[in-house]
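# Architecture at a glance
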Amino acid sequence: MNKNNESNEAESTNENSTGKRKFKINKKLGIILASIGVVGIILLWATLIGILKGSGKKYVAPLPSVVVQKPVLGTVTESITISGYVEARTMVPVVPFVNGTILNYSAKAGEFVKKDTILAKIDDAPYRQQFLQAQAAYLGYKSSFERVAGLYKSGATTQQNYDTIKAQYEAAKAQYDLAKLQMDYTEVKASVDGTILVADMGVGSIGTTTAPIAILADLNDLVVRLKVPEKYFDLFQLQKDKIEVTVTRPGIEGMYEDAVAAAQVETIAPYVNAESKNFAVVCRILNSGERFRPGMFVKITAAYNVHSNVYVLPVTTRKLDGSCYIFNEEDSTVKYLMLDKIVADNNNFLVDQEYADTWFVVDGQNTVFDGQKVRLAKDVEAELFGNQNFQEDLIQQETEEDKVEDKVESKEREQ
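Here the structure is a predicted model, which is why all the values come from computation and not from measurement.

Let us look at the overall build of the chain. Looking only at helices and strands, one finds 6 helices and 20 strands in the chain. By residue count, 30% of the 415 residues in the chain fall in the buried class. Within the chain, contacts between residues at least 6 apart in sequence are counted, and of these 78% link residues at least 24 apart. As displayed, the chain has an accessible area near 27,500 Å², and 52% of this comes from carbon and sulfur atoms.

Strand order in the open sheet formed by 4 strands is β7-β6-β4-β9, and the pairing between neighbours is antiparallel. Either end of the sheet is taken by a strand with one partner, and the two such strands are β7 (187-189) and β9 (206-207). Note that strand β6 (residues 118-122) and β7 share 3 bridges and pair antiparallel. Bridge pairing in β7 links K121 to E187.

We now examine helix α2 (residues 125-153). Taking 1.5 Å of rise per residue, the 29 residues of α2 would be expected to cover 42 Å, and the 42 Å separating its terminal C-alpha atoms lies within 8% of that figure. Where α2 is buried, its residues contact α3 (159-185). With its phi angle positive at about 80°, G155 sits one or two positions after the end of α2.

Let us look at the nonpolar core. Grouped together as the largest cluster of nonpolar side chains are 29 residues, with contacts concentrated most on Y105, L119, I196, I213 and A214. Contributing elements (two or more residues each) for this core: β4 (100-105), β6, α2, α3 and β10 (214-217). With near-sequence residues (within four places) excluded, I196 lies in contact with A107, K108, A109, G110, E111, V113, L119, A214, I215 and L216. Grouped together as the second largest cluster of nonpolar side chains are 28 residues, A88, V281, F292 and A302 included.

It is worth spelling out unusual backbone geometry at this point. Glycine aside, residues mostly have negative phi, and peptide bonds are mostly found in the trans state. Positive phi, close to 75°, is recorded for D116, a residue that is not glycine. The residue D116 is located in the loop between β5 (112-113) and β6 in this model. The backbone of N287 shows a phi angle near 55°, a positive value even though the residue is not glycine. Tracing the backbone shows N287 in the loop between β14 (278-285) and β15 (297-314).

This paragraph deals with the packing of aromatic side chains. Under the definition given, this model contains 12 aromatic pairs. Arranged with centres 6.0 Å apart and planes meeting at 75°, the rings of F236 and F279 form a pair that is edge-to-face. Note that F236 is positioned in helix α4 (residues 233-238) and F279 in strand β14, a separation of 43 residues in sequence. The two residues F236 and F279 agree in class, both being buried. Plain terms: the ring middles of Y325 and Y336 are 5.8 Å apart, the flat faces sit at 75° to each other, and that makes the pair edge-to-face. With Y325 in strand β16 (residues 323-328) and Y336 in strand β17 (residues 333-338), this pair connects stretches of sequence that are 11 residues apart. Residue class for Y336 comes out partly exposed when judged on its relative accessible area of 34%. These aromatic residues form a ring-pair network of at least three members: F131, Y138, F145, Y152, Y162, Y169 and Y176. Here the guanidinium or amino end of R318 rests over the ring plane of F349, the centre of that ring lying 5.7 Å away.

So, how was this worked out
Residues numbered from 1 in each chain as written. Predicted model: local features only at pLDDT ≥ 70, side-chain atom pairs only at ≥ 80, totals over all residues. Heavy atoms only, no water. Helix = DSSP H or I, 4+ residues; strand = E, 2+ residues; numbered from the N terminus. Buried < 20%, exposed > 50% of the residue type's maximum accessible area, 1.4 Å probe, protein only. Contact = heavy atoms within 4.5 Å. Areas by Shrake-Rupley, 256 points an atom, 1.4 Å probe, with all protein chains shown as cover. Pairing = 2+ DSSP bridges. Expected span 1.5 Å × (residues − 1). Core = buried A, V, L, I, M, F, W, Y, C linked by side-chain atoms within 4.5 Å. Phe/Tyr/Trp six-rings, centres within 6.5 Å; stacked < 30°, edge-to-face > 60°. Lys NZ or Arg CZ within 6 Å of the ring centre and 35° of its normal.

Next up, the structure:
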(Lines give C-alpha, C1' and ligand atoms only; values in the text may rest on other atoms or scores of the structure.)
Protein backbone atom coordinates (compact mmCIF):
# COMPACT_ATOMS: atom_id res chain seq x y z
CA MET A 1 0.00 0.00 0.00
CA ASN A 2 2.74 2.44 0.98
CA LYS A 3 4.59 1.81 -2.26
CA ASN A 4 1.45 2.50 -4.30
CA ASN A 5 0.85 5.76 -2.46
CA GLU A 6 4.43 6.88 -2.97
CA SER A 7 4.12 6.09 -6.69
CA ASN A 8 0.90 8.15 -7.05
CA GLU A 9 2.45 11.11 -5.22
CA ALA A 10 5.46 11.01 -7.53
CA GLU A 11 3.27 10.99 -10.62
CA SER A 12 1.23 13.97 -9.28
CA THR A 13 4.41 15.90 -8.55
CA ASN A 14 5.69 15.29 -12.10
CA GLU A 15 2.37 16.50 -13.62
CA ASN A 16 2.46 19.71 -11.56
CA SER A 17 6.04 20.39 -12.61
CA THR A 18 5.16 19.87 -16.26
CA GLY A 19 2.13 22.25 -16.00
CA LYS A 20 4.22 24.99 -14.43
CA ARG A 21 6.83 24.72 -17.15
CA LYS A 22 4.15 25.01 -19.87
CA PHE A 23 2.63 28.07 -18.17
CA LYS A 24 6.03 29.79 -17.99
CA ILE A 25 6.71 29.03 -21.66
CA ASN A 26 3.27 30.40 -22.75
CA LYS A 27 3.80 33.52 -20.63
CA LYS A 28 7.20 34.23 -22.19
CA LEU A 29 5.77 33.61 -25.66
CA GLY A 30 2.92 36.10 -25.02
CA ILE A 31 5.37 38.76 -23.84
CA ILE A 32 7.50 38.26 -26.95
CA LEU A 33 4.51 38.55 -29.31
CA ALA A 34 3.23 41.67 -27.53
CA SER A 35 6.66 43.28 -27.79
CA ILE A 36 6.80 42.50 -31.51
CA GLY A 37 3.33 44.11 -31.97
CA VAL A 38 4.34 47.30 -30.15
CA VAL A 39 7.52 47.59 -32.15
CA GLY A 40 5.57 47.10 -35.37
CA ILE A 41 3.13 49.87 -34.49
CA ILE A 42 6.00 52.22 -33.63
CA LEU A 43 7.74 51.47 -36.92
CA LEU A 44 4.50 52.01 -38.88
CA TRP A 45 3.87 55.32 -37.13
CA ALA A 46 7.41 56.46 -37.76
CA THR A 47 7.13 55.47 -41.42
CA LEU A 48 3.91 57.47 -41.85
CA ILE A 49 5.48 60.52 -40.21
CA GLY A 50 8.44 60.24 -42.54
CA ILE A 51 6.18 60.01 -45.58
CA LEU A 52 4.14 63.03 -44.49
CA LYS A 53 7.27 65.08 -43.75
CA GLY A 54 8.78 64.04 -47.03
CA SER A 55 5.77 65.24 -48.98
CA GLY A 56 6.31 68.78 -47.79
CA LYS A 57 2.58 69.61 -48.00
CA LYS A 58 0.32 71.12 -45.36
CA TYR A 59 -3.31 70.20 -44.83
CA VAL A 60 -5.62 72.95 -46.08
CA ALA A 61 -9.24 72.87 -44.89
CA PRO A 62 -11.77 73.12 -47.74
CA LEU A 63 -13.73 76.34 -48.08
CA PRO A 64 -17.23 76.23 -46.61
CA SER A 65 -19.97 75.80 -49.19
CA VAL A 66 -22.93 78.19 -49.16
CA VAL A 67 -26.06 78.86 -51.18
CA VAL A 68 -26.86 82.46 -52.09
CA GLN A 69 -30.00 84.15 -53.35
CA LYS A 70 -31.17 87.63 -54.21
CA PRO A 71 -34.39 89.03 -52.73
CA VAL A 72 -37.51 88.41 -54.80
CA LEU A 73 -40.80 90.26 -54.99
CA GLY A 74 -43.45 88.80 -52.73
CA THR A 75 -45.84 89.45 -49.88
CA VAL A 76 -45.25 89.67 -46.15
CA THR A 77 -48.26 89.50 -43.86
CA GLU A 78 -47.88 90.76 -40.30
CA SER A 79 -50.04 88.69 -38.00
CA ILE A 80 -50.40 87.14 -34.57
CA THR A 81 -51.27 83.52 -33.86
CA ILE A 82 -53.33 82.45 -30.87
CA SER A 83 -54.52 78.97 -29.93
CA GLY A 84 -58.11 78.18 -29.02
CA TYR A 85 -60.89 75.62 -29.18
CA VAL A 86 -63.88 75.38 -31.46
CA GLU A 87 -67.28 75.81 -29.81
CA ALA A 88 -70.85 75.78 -30.98
CA ARG A 89 -72.35 79.22 -30.55
CA THR A 90 -75.28 77.69 -28.70
CA MET A 91 -75.48 74.24 -27.14
CA VAL A 92 -79.08 73.33 -26.28
CA PRO A 93 -79.68 70.73 -23.56
CA VAL A 94 -82.87 68.71 -24.04
CA VAL A 95 -84.37 68.34 -20.54
CA PRO A 96 -87.62 66.47 -19.76
CA PHE A 97 -90.39 68.49 -18.09
CA VAL A 98 -91.56 65.41 -16.14
CA ASN A 99 -89.80 62.64 -14.23
CA GLY A 100 -90.04 58.96 -14.99
CA THR A 101 -88.56 55.81 -16.47
CA ILE A 102 -87.44 56.05 -20.10
CA LEU A 103 -89.30 53.45 -22.17
CA ASN A 104 -87.94 54.42 -25.57
CA TYR A 105 -84.70 56.26 -26.43
CA SER A 106 -83.98 57.07 -30.08
CA ALA A 107 -81.35 59.81 -29.70
CA LYS A 108 -77.98 58.98 -31.30
CA ALA A 109 -74.88 61.15 -31.13
CA GLY A 110 -73.94 62.66 -34.47
CA GLU A 111 -77.44 62.58 -35.97
CA PHE A 112 -79.09 65.73 -37.27
CA VAL A 113 -82.66 66.16 -36.02
CA LYS A 114 -85.43 68.60 -36.79
CA LYS A 115 -87.35 70.55 -34.21
CA ASP A 116 -90.10 68.49 -32.43
CA THR A 117 -88.43 65.17 -33.28
CA ILE A 118 -89.18 62.69 -30.46
CA LEU A 119 -85.92 61.72 -28.78
CA ALA A 120 -87.27 59.76 -25.81
CA LYS A 121 -90.52 58.43 -24.34
CA ILE A 122 -91.09 58.50 -20.58
CA ASP A 123 -93.49 56.10 -18.88
CA ASP A 124 -96.86 57.92 -18.88
CA ALA A 125 -98.85 55.49 -16.63
CA PRO A 126 -98.91 57.72 -13.54
CA TYR A 127 -99.62 60.81 -15.60
CA ARG A 128 -102.41 59.04 -17.46
CA GLN A 129 -104.14 58.29 -14.13
CA GLN A 130 -103.85 61.92 -13.12
CA PHE A 131 -105.23 62.93 -16.49
CA LEU A 132 -108.27 60.62 -16.14
CA GLN A 133 -108.96 61.94 -12.65
CA ALA A 134 -108.70 65.56 -13.77
CA GLN A 135 -110.84 64.80 -16.81
CA ALA A 136 -113.66 63.31 -14.70
CA ALA A 137 -113.65 66.29 -12.35
CA TYR A 138 -113.59 68.69 -15.27
CA LEU A 139 -116.53 67.06 -17.05
CA GLY A 140 -118.55 67.02 -13.78
CA TYR A 141 -118.00 70.68 -13.03
CA LYS A 142 -118.61 71.56 -16.66
CA SER A 143 -122.04 69.95 -16.58
CA SER A 144 -122.91 71.66 -13.28
CA PHE A 145 -121.75 75.01 -14.54
CA GLU A 146 -123.82 74.76 -17.72
CA ARG A 147 -126.93 73.87 -15.68
CA VAL A 148 -126.46 76.69 -13.12
CA ALA A 149 -125.66 79.15 -15.91
CA GLY A 150 -129.04 78.35 -17.49
CA LEU A 151 -130.84 78.85 -14.18
CA TYR A 152 -128.97 82.11 -13.61
CA LYS A 153 -130.07 83.50 -16.96
CA SER A 154 -133.73 82.69 -16.13
CA GLY A 155 -133.40 84.24 -12.68
CA ALA A 156 -133.92 80.92 -10.90
CA THR A 157 -130.62 81.07 -8.91
CA THR A 158 -128.54 83.67 -7.16
CA GLN A 159 -125.40 85.42 -8.31
CA GLN A 160 -123.46 83.78 -5.50
CA ASN A 161 -124.34 80.26 -6.63
CA TYR A 162 -123.38 81.13 -10.19
CA ASP A 163 -120.00 82.60 -9.17
CA THR A 164 -119.20 79.61 -6.97
CA ILE A 165 -119.86 76.97 -9.60
CA LYS A 166 -118.07 79.02 -12.20
CA ALA A 167 -114.91 79.17 -10.05
CA GLN A 168 -115.05 75.43 -9.42
CA TYR A 169 -115.46 74.77 -13.14
CA GLU A 170 -112.48 76.96 -14.09
CA ALA A 171 -110.27 75.30 -11.45
CA ALA A 172 -111.23 71.85 -12.71
CA LYS A 173 -110.50 72.91 -16.29
CA ALA A 174 -107.06 74.19 -15.26
CA GLN A 175 -106.27 70.86 -13.59
CA TYR A 176 -107.45 69.00 -16.66
CA ASP A 177 -105.29 71.11 -18.98
CA LEU A 178 -102.26 70.60 -16.72
CA ALA A 179 -102.77 66.83 -16.61
CA LYS A 180 -103.09 66.76 -20.39
CA LEU A 181 -99.91 68.85 -20.76
CA GLN A 182 -97.99 66.46 -18.49
CA MET A 183 -99.15 63.59 -20.65
CA ASP A 184 -97.75 65.35 -23.69
CA TYR A 185 -94.46 66.03 -21.87
CA THR A 186 -93.77 62.30 -21.57
CA GLU A 187 -92.69 62.56 -25.21
CA VAL A 188 -89.34 64.39 -25.01
CA LYS A 189 -88.82 66.36 -28.24
CA ALA A 190 -85.97 68.33 -29.79
CA SER A 191 -86.51 72.01 -29.11
CA VAL A 192 -84.45 73.22 -32.11
CA ASP A 193 -82.91 71.96 -35.33
CA GLY A 194 -79.42 70.66 -34.70
CA THR A 195 -76.92 67.83 -34.42
CA ILE A 196 -76.96 65.64 -31.33
CA LEU A 197 -73.61 66.07 -29.58
CA VAL A 198 -74.30 64.03 -26.45
CA ALA A 199 -76.76 61.16 -26.05
CA ASP A 200 -75.70 59.17 -22.99
CA MET A 201 -79.06 57.90 -21.70
CA GLY A 202 -80.84 54.67 -22.55
CA VAL A 203 -83.97 52.58 -22.08
CA GLY A 204 -84.53 52.01 -18.37
CA SER A 205 -82.75 55.18 -17.30
CA ILE A 206 -84.59 57.67 -15.12
CA GLY A 207 -85.37 60.91 -16.87
CA THR A 208 -85.49 63.90 -14.55
CA THR A 209 -86.17 67.59 -14.86
CA THR A 210 -82.64 68.34 -13.63
CA ALA A 211 -80.56 66.43 -16.20
CA PRO A 212 -80.60 66.56 -20.02
CA ILE A 213 -81.24 63.41 -22.00
CA ALA A 214 -79.32 64.88 -24.98
CA ILE A 215 -77.44 68.00 -26.05
CA LEU A 216 -77.99 69.64 -29.44
CA ALA A 217 -75.89 72.15 -31.36
CA ASP A 218 -75.90 73.84 -34.74
CA LEU A 219 -72.63 72.71 -36.34
CA ASN A 220 -73.01 75.30 -39.08
CA ASP A 221 -72.64 78.08 -36.54
CA LEU A 222 -69.27 77.51 -34.88
CA VAL A 223 -67.11 80.04 -33.06
CA VAL A 224 -63.70 80.23 -31.43
CA ARG A 225 -63.45 82.13 -28.16
CA LEU A 226 -59.97 83.57 -27.73
CA LYS A 227 -58.09 84.97 -24.76
CA VAL A 228 -55.90 87.65 -26.31
CA PRO A 229 -52.99 89.31 -24.42
CA GLU A 230 -53.59 92.87 -23.29
CA LYS A 231 -50.89 94.32 -25.58
CA TYR A 232 -53.09 93.60 -28.62
CA PHE A 233 -56.16 95.38 -27.24
CA ASP A 234 -55.73 98.55 -29.32
CA LEU A 235 -54.95 96.49 -32.41
CA PHE A 236 -58.26 94.63 -32.22
CA GLN A 237 -60.32 97.63 -31.15
CA LEU A 238 -59.00 100.02 -33.79
CA GLN A 239 -58.66 97.59 -36.72
CA LYS A 240 -61.52 95.19 -36.07
CA ASP A 241 -62.94 95.59 -39.58
CA LYS A 242 -59.52 95.26 -41.26
CA ILE A 243 -58.28 92.15 -39.48
CA GLU A 244 -58.36 89.02 -41.61
CA VAL A 245 -58.77 85.88 -39.53
CA THR A 246 -57.82 82.35 -40.58
CA VAL A 247 -58.60 79.23 -38.59
CA THR A 248 -56.22 76.28 -38.97
CA ARG A 249 -56.70 72.82 -37.57
CA PRO A 250 -53.33 71.00 -37.68
CA GLY A 251 -53.36 67.84 -39.78
CA ILE A 252 -51.34 64.65 -39.46
CA GLU A 253 -48.46 64.05 -41.84
CA GLY A 254 -49.19 61.23 -44.22
CA MET A 255 -52.89 61.14 -43.38
CA TYR A 256 -54.50 64.47 -44.16
CA GLU A 257 -53.51 68.10 -44.63
CA ASP A 258 -54.33 71.03 -42.37
CA ALA A 259 -57.96 72.10 -42.35
CA VAL A 260 -58.17 75.84 -43.08
CA ALA A 261 -61.19 78.12 -42.99
CA ALA A 262 -61.80 81.86 -42.97
CA ALA A 263 -63.29 83.51 -39.90
CA GLN A 264 -64.67 86.86 -38.84
CA VAL A 265 -64.22 88.85 -35.66
CA GLU A 266 -67.67 89.20 -34.11
CA THR A 267 -67.25 90.54 -30.60
CA ILE A 268 -64.40 92.07 -28.60
CA ALA A 269 -64.68 92.38 -24.84
CA PRO A 270 -64.68 96.03 -23.75
CA TYR A 271 -62.44 95.29 -20.77
CA VAL A 272 -59.26 93.43 -19.81
CA ASN A 273 -59.32 90.81 -17.09
CA ALA A 274 -57.23 92.20 -14.24
CA GLU A 275 -55.96 88.78 -13.16
CA SER A 276 -55.07 87.14 -16.48
CA LYS A 277 -54.32 90.38 -18.38
CA ASN A 278 -56.30 88.99 -21.30
CA PHE A 279 -59.42 90.11 -23.10
CA ALA A 280 -62.00 87.93 -24.85
CA VAL A 281 -62.48 87.85 -28.62
CA VAL A 282 -65.11 85.74 -30.39
CA CYS A 283 -64.47 84.73 -34.00
CA ARG A 284 -67.12 83.07 -36.14
CA ILE A 285 -65.92 80.37 -38.54
CA LEU A 286 -67.21 80.88 -42.07
CA ASN A 287 -68.01 77.73 -44.06
CA SER A 288 -66.77 75.39 -41.36
CA GLY A 289 -67.49 72.29 -43.45
CA GLU A 290 -67.02 68.78 -42.10
CA ARG A 291 -63.57 69.10 -40.52
CA PHE A 292 -64.36 71.50 -37.70
CA ARG A 293 -66.27 70.27 -34.66
CA PRO A 294 -66.79 71.59 -31.12
CA GLY A 295 -63.87 70.87 -28.82
CA MET A 296 -61.20 70.74 -31.54
CA PHE A 297 -57.87 72.51 -31.01
CA VAL A 298 -57.20 75.20 -33.62
CA LYS A 299 -54.81 78.05 -34.31
CA ILE A 300 -56.18 81.48 -35.11
CA THR A 301 -54.05 83.72 -37.31
CA ALA A 302 -55.12 87.37 -37.24
CA ALA A 303 -53.48 89.29 -40.11
CA TYR A 304 -53.46 93.02 -39.45
CA ASN A 305 -50.96 94.41 -41.99
CA VAL A 306 -50.17 93.12 -45.51
CA HIS A 307 -47.08 94.29 -47.43
CA SER A 308 -47.53 93.44 -51.10
CA ASN A 309 -45.04 93.60 -53.97
CA VAL A 310 -42.01 94.00 -51.69
CA TYR A 311 -38.59 92.34 -51.67
CA VAL A 312 -38.52 89.27 -49.44
CA LEU A 313 -36.24 86.41 -48.40
CA PRO A 314 -36.98 83.15 -46.58
CA VAL A 315 -37.01 83.49 -42.79
CA THR A 316 -34.40 80.73 -42.61
CA THR A 317 -31.89 83.21 -44.05
CA ARG A 318 -31.64 84.87 -40.64
CA LYS A 319 -29.75 83.29 -37.78
CA LEU A 320 -31.19 82.90 -34.30
CA ASP A 321 -29.93 86.36 -33.28
CA GLY A 322 -31.61 87.95 -36.32
CA SER A 323 -28.40 88.50 -38.25
CA CYS A 324 -27.53 87.29 -41.74
CA TYR A 325 -24.64 87.22 -44.23
CA ILE A 326 -24.28 88.83 -47.63
CA PHE A 327 -21.97 87.51 -50.34
CA ASN A 328 -19.37 89.63 -52.12
CA GLU A 329 -18.92 88.19 -55.60
CA GLU A 330 -15.68 90.11 -56.20
CA ASP A 331 -13.59 88.27 -53.61
CA SER A 332 -15.99 85.42 -52.73
CA THR A 333 -16.23 86.47 -49.08
CA VAL A 334 -19.19 86.92 -46.77
CA LYS A 335 -20.08 89.95 -44.67
CA TYR A 336 -22.00 89.99 -41.40
CA LEU A 337 -25.19 92.07 -41.48
CA MET A 338 -27.64 92.89 -38.69
CA LEU A 339 -30.98 94.21 -39.93
CA ASP A 340 -32.47 96.86 -37.69
CA LYS A 341 -36.19 96.45 -38.32
CA ILE A 342 -37.62 93.05 -39.08
CA VAL A 343 -41.06 92.65 -40.65
CA ALA A 344 -41.79 88.98 -41.15
CA ASP A 345 -44.38 86.27 -41.28
CA ASN A 346 -44.05 82.49 -41.00
CA ASN A 347 -42.36 82.17 -44.41
CA ASN A 348 -40.58 85.37 -45.46
CA PHE A 349 -39.19 88.60 -44.08
CA LEU A 350 -39.13 92.00 -45.74
CA VAL A 351 -35.84 93.31 -47.16
CA ASP A 352 -35.15 97.00 -47.76
CA GLN A 353 -35.00 98.04 -51.39
CA GLU A 354 -31.32 99.03 -51.00
CA TYR A 355 -30.51 95.30 -50.78
CA ALA A 356 -32.59 94.35 -53.82
CA ASP A 357 -29.49 93.48 -55.88
CA THR A 358 -27.52 91.88 -53.04
CA TRP A 359 -26.67 88.20 -52.72
CA PHE A 360 -27.70 86.78 -49.33
CA VAL A 361 -26.44 83.51 -47.90
CA VAL A 362 -29.58 81.39 -47.50
CA ASP A 363 -27.88 78.10 -46.64
CA GLY A 364 -24.63 77.54 -44.79
CA GLN A 365 -24.75 80.83 -42.87
CA ASN A 366 -24.30 79.03 -39.54
CA THR A 367 -20.83 77.74 -40.50
CA VAL A 368 -19.16 80.97 -41.68
CA PHE A 369 -17.78 84.12 -40.05
CA ASP A 370 -17.43 87.73 -41.10
CA GLY A 371 -14.89 88.19 -43.91
CA GLN A 372 -14.42 84.47 -44.57
CA LYS A 373 -13.86 83.22 -48.08
CA VAL A 374 -16.45 80.71 -49.20
CA ARG A 375 -17.29 78.45 -52.11
CA LEU A 376 -20.68 78.61 -53.77
CA ALA A 377 -22.89 75.57 -54.12
CA LYS A 378 -22.96 74.09 -57.61
CA ASP A 379 -26.61 74.92 -58.28
CA VAL A 380 -26.00 78.66 -57.73
CA GLU A 381 -22.65 79.14 -59.45
CA ALA A 382 -24.02 79.04 -62.99
CA GLU A 383 -26.81 81.47 -62.13
CA LEU A 384 -24.47 83.92 -60.42
CA PHE A 385 -21.63 84.05 -62.94
CA GLY A 386 -23.28 82.76 -66.11
CA ASN A 387 -20.26 80.48 -66.56
CA GLN A 388 -20.68 76.72 -66.63
CA ASN A 389 -16.93 76.21 -66.25
CA PHE A 390 -16.71 78.29 -63.09
CA GLN A 391 -16.06 75.26 -60.90
CA GLU A 392 -13.19 74.13 -63.12
CA ASP A 393 -11.70 77.64 -63.09
CA LEU A 394 -11.93 77.76 -59.31
CA ILE A 395 -10.21 74.38 -58.97
CA GLN A 396 -7.46 75.48 -61.36
CA GLN A 397 -6.98 78.66 -59.35
CA GLU A 398 -6.62 76.68 -56.13
CA THR A 399 -4.13 74.33 -57.84
CA GLU A 400 -1.98 77.28 -58.89
CA GLU A 401 -2.07 78.65 -55.35
CA ASP A 402 -0.89 75.26 -54.04
CA LYS A 403 2.00 75.30 -56.51
CA VAL A 404 3.09 78.74 -55.33
CA GLU A 405 3.00 77.56 -51.70
CA ASP A 406 5.06 74.48 -52.61
CA LYS A 407 7.74 76.65 -54.25
CA VAL A 408 7.95 78.94 -51.22
CA GLU A 409 8.32 75.98 -48.87
CA SER A 410 10.94 74.40 -51.11
CA LYS A 411 13.06 77.57 -51.05
CA GLU A 412 12.77 77.74 -47.26
CA ARG A 413 14.04 74.16 -46.95
CA GLU A 414 17.02 74.88 -49.26
CA GLN A 415 18.02 77.88 -47.14
